[in-house]
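# Summary of the model geometry
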Amino acid sequence: MQKVDLNGKTILVTGAAGFIGSNLVKRLIKEVKDATIIGIDNMNDYYDVSLKEWRLKELNQLSLNSQLSTLNFIKGDIADKTTIDGIFEKFHPAVVVNLAAQAGVRYSITNPDAYIQSNLIGFYNILEACRHNPVEHLVYASSSSVYGSNKKIPYSTDDKVDNPVSLYAATKKSNELMAHAYSKLYNIPSTGLRFFTVYGPAGRPDMAYFGFTNKLVKGETIQIFNFGNCKRDFTYVDDIVEGVVRIMQGAPEKKVGEDGLPIPPYAVYNIGNNQPENLLTFVDILQQELIRAKVLPEDYDFEAHKKLVPMQPGDVPVTYADTSALERDYGYKPSTSLRDGLRAFAEWYAAFYQK
């Protein structure tokens, strides 16, 4: 593995106002010395833009007061080649973390265009820019969705992932294939990260825990899919960011094969909690923490607001990460418990929406 020192470098983070992106930028501003962090985000309205604006405000405030590193934010779209080429020509980033993507399985069924633009064309623009401006390490978000309807669990990065069950999953698998081709052809060190159900404060409102909370607060009924028989490897956002920061600092090594051609400096890792939880357990802990944070009253009648329904198209019954490769290569394993993570979310929700 090739060590990458982040201090004093220019780091490009796409999707910087997003859930994972903003938490990553926050961490870099606080911990990396003399880095120039370039953040780009198109601030689209896939979900409540005020949440993205709030995250961005936090980052700008942090950057202004930071003695270590600063953020230079650009409102723009990675699908716009001119914008991306301009950023690379002006700033020459040494490390690139591509987190900008159109997320969500269900939305990909109704709005496929958004996925092709952002996840395929956008990622292609990033790869091309990395090709013409040598970078030390390209790290990019893939997803646990690539495992599709794989029966073998836990999901290992050695498993075949040729059966996506949604367009979103297909675009993420495509990202891994595209990165592999560019790593092979142009010797670009790249690492793909398959994230497993990320949650936490200031997260995405389209995710179940956030959507459930919004509905319960309004007294609406929540739908629990597959009659509650879904299991998810819920991963707390700080654990995800810890994994990303470690991986940024260790790039796949450049080597030459027997044919004299580069062996692609390419890797893919799972980042998950390695502990799938039943959806009903998840909802139970969520309701306890929402009452504790006074988001909901003590006597809230959950049974009256809960409905068990069949599986949705594009969904899978179980996600479960094998994280042994991450432990082996980076000495890291996510460990935040569901209760601790949901408590942090409930407390943030109370402060953000009910202050």
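So, here's what we can say about the structure. Being a predicted model, the structure only gives us computed values, none of them experimental. (Residues numbered from 1 in each chain as written. Predicted model: local features only at pLDDT ≥ 70, side-chain atom pairs only at ≥ 80, totals over all residues. Heavy atoms only, no water.)

## Things to note about the overall build of the protein
Selection criterion: Secondary structure is summarised from DSSP: a helix means a run of H or I of at least four residues, a strand means a run of E of at least two, and numbering begins at the N terminus for each. Just to be clear, the radius of gyration here is over C-alpha atoms, and the globule rule we use is 2.2 Å times residues to the power 0.38. Working rule for contacts: check all heavy atoms of both residues, and any pair within 4.5 Å makes them a contact. Note on areas: these come from Shrake-Rupley sampling with a 1.4 Å probe, and a residue is covered only by the protein chains present in the view.
For the protein, the helix and strand inventory stands at eleven helices and 17 strands. By the compact-globule yardstick of 20 Å for 355 residues, the protein fits well, its C-alpha radius of gyration being 20 Å. Dimensions along the principal axes, computed over C-alpha positions, put the protein at roughly 65 × 50 × 40 Å. Partitioning the contacts of the protein with sequence separation of at least 6, the portion at a separation of at least 24 is 84%. For the protein, the exposed area adds up to about 15400 Å²; of that, 50% sits on carbon and sulfur atoms.

## A closer look at the environment of Tyr 353
To keep things clear, this is the line we draw: Note on exposure labels: buried denotes an accessible area under 20% of the residue type's maximum, exposed denotes more than 50%, and partly exposed covers the range between, all computed with a 1.4 Å probe on protein chains only.
Secondary-structure assignment places Tyr 353 in helix α11 (residues 338–354). Of the residues examined, Tyr 353 reaches a relative accessible area of 34% and is grouped as partly exposed. Sequence separation between Tyr 353 and Gly 39 is 314 residues; the distance between their C-alpha atoms is 26 Å.

## Observations regarding the sheet that holds strand β4 (residues 70–75)
Two modes of strand pairing occur in sheets, parallel and antiparallel, and in both the strands are linked by backbone hydrogen bonds. For clarity, the threshold we go by: By this definition, two strands are paired if DSSP reports at least two bridges between them. Simply put, an axis is a line fit to the C-alpha atoms, just over the touching stretch for a helix, and the angle between two N-to-C directions goes from 0 to 180 degrees.
Overall, parallel pairing links the seven strands, which are arranged β4-β3-β2-β5-β6-β7-β15 in an open sheet. A single partner strand is all that each edge strand has here, and the edge strands are β4 and β15 (266–271). Taken over all neighbouring pairs, the strand axes of this sheet differ in orientation by 20° on average, direction set aside. In this sheet, β15 lies alongside strand β7 (residues 190–195) in parallel orientation, the contact comprising six bridges. By the bridge assignment for β15, Ser 190 is matched with Tyr 266. Sheet strands in contact with helix α5 (residues 112–132) are β2 (10–14), β5 (95–98) and β6 (137–143), and its direction is about 165° off that of β6. Contacts from helix α8 (residues 237–248) reach β2, β5, β6, β7 and β15 within the one sheet, and its direction differs from that of β15 by about 160°.

## A short note on the packing of helix α3 (residues 81–91) against α5
Let me state the cut-off plainly: Note on angle classes: values under 35 degrees are labelled roughly parallel, values over 145 roughly antiparallel, values of 65 to 115 roughly perpendicular, and the remainder oblique. Take the far helix as the reference: if the near one is turned anticlockwise from it by less than a right angle, the crossing is left-handed, and if turned clockwise, right-handed. Three residue categories are used. Nonpolar comprises Ala, Val, Leu, Ile, Met, Phe, Trp, Tyr, Cys and Pro, charged comprises Asp, Glu, Lys and Arg, and polar comprises the others, including Gly.
At a minimum axis separation of 10 Å, α3 and α5 run at an interaxial angle of 30°. By the angle between their axes, α3 is roughly parallel relative to α5. Where α3 crosses over α5, the handedness of that crossing is right-handed. Contacts from Lys 81, Ile 84, Asp 85 and Phe 88 in α3 reach Asn 125, Ile 126, Glu 128, Ala 129 and Cys 130 in α5. Along the lines of polarity and charge, the residues of the contact of α3 with α5 split into five nonpolar, one polar and three charged.

## Some remarks on helix α1 (residues 19–31)
So the rule is basically this: To estimate the expected span of a helix, count its residues, drop one, and scale the result by 1.5 Å.
Taking 1.5 Å per residue, 13 residues should reach 18 Å; α1 reaches 19 Å between its end C-alpha atoms and fits that length. Counting buried positions along α1 yields ten of 13 residues, so the element is predominantly enclosed. Residues Phe 19, Ile 20, Gly 21, Ser 22, Asn 23, Leu 24, Val 25, Arg 27, Leu 28 and Ile 29 constitute the buried set of α1.

## Let's talk about the pattern of salt bridges
As a reminder of what qualifies: We define a salt bridge as a contact between a side-chain nitrogen of Lys or Arg and a carboxyl oxygen of Asp or Glu at a distance within 4 Å.
Under the defined criterion, the tally for this structure stands at 16 salt bridges. The salt bridge partner of Asp 85 is Lys 81, with a shortest N-O separation of 3.8 Å. Residue Asp 85 and its partner Lys 81 are located together in helix α3, separated by four residues, close to a single helical turn. A relative accessible area of 26% places Asp 85 in the partly exposed class. Residues Asp 162 and Lys 160 are paired through a salt bridge, measuring 3.5 Å at the closest nitrogen-oxygen approach.

## Things to note about the packing of α5 against helix α6 (residues 167–186)
Two quantities define a packed helix pair, namely the angle between the axes and the distance from one axis to the other. Packing of α5 against α6 leaves a shortest axis separation of 10 Å and a crossing angle of 15°. Between α5 and α6, the interaxial angle falls into the category roughly parallel. Note on packing geometry: the crossing formed by α5 with α6 is right-handed. Of the residues in α6, those in contact with Pro 112, Tyr 115, Ile 116, Asn 119, Leu 120, Phe 123, Tyr 124, Leu 127, Glu 128 and Arg 131 of α5 are Leu 167, Tyr 168, Thr 171, Lys 172, Ser 174, Asn 175, Met 178, Ala 179, Tyr 182 and Tyr 186. Looking at the contact of α5 with α6, its residues break down into 13 nonpolar, four polar and three charged.

None of this, on its own, says anything about what the molecule does.
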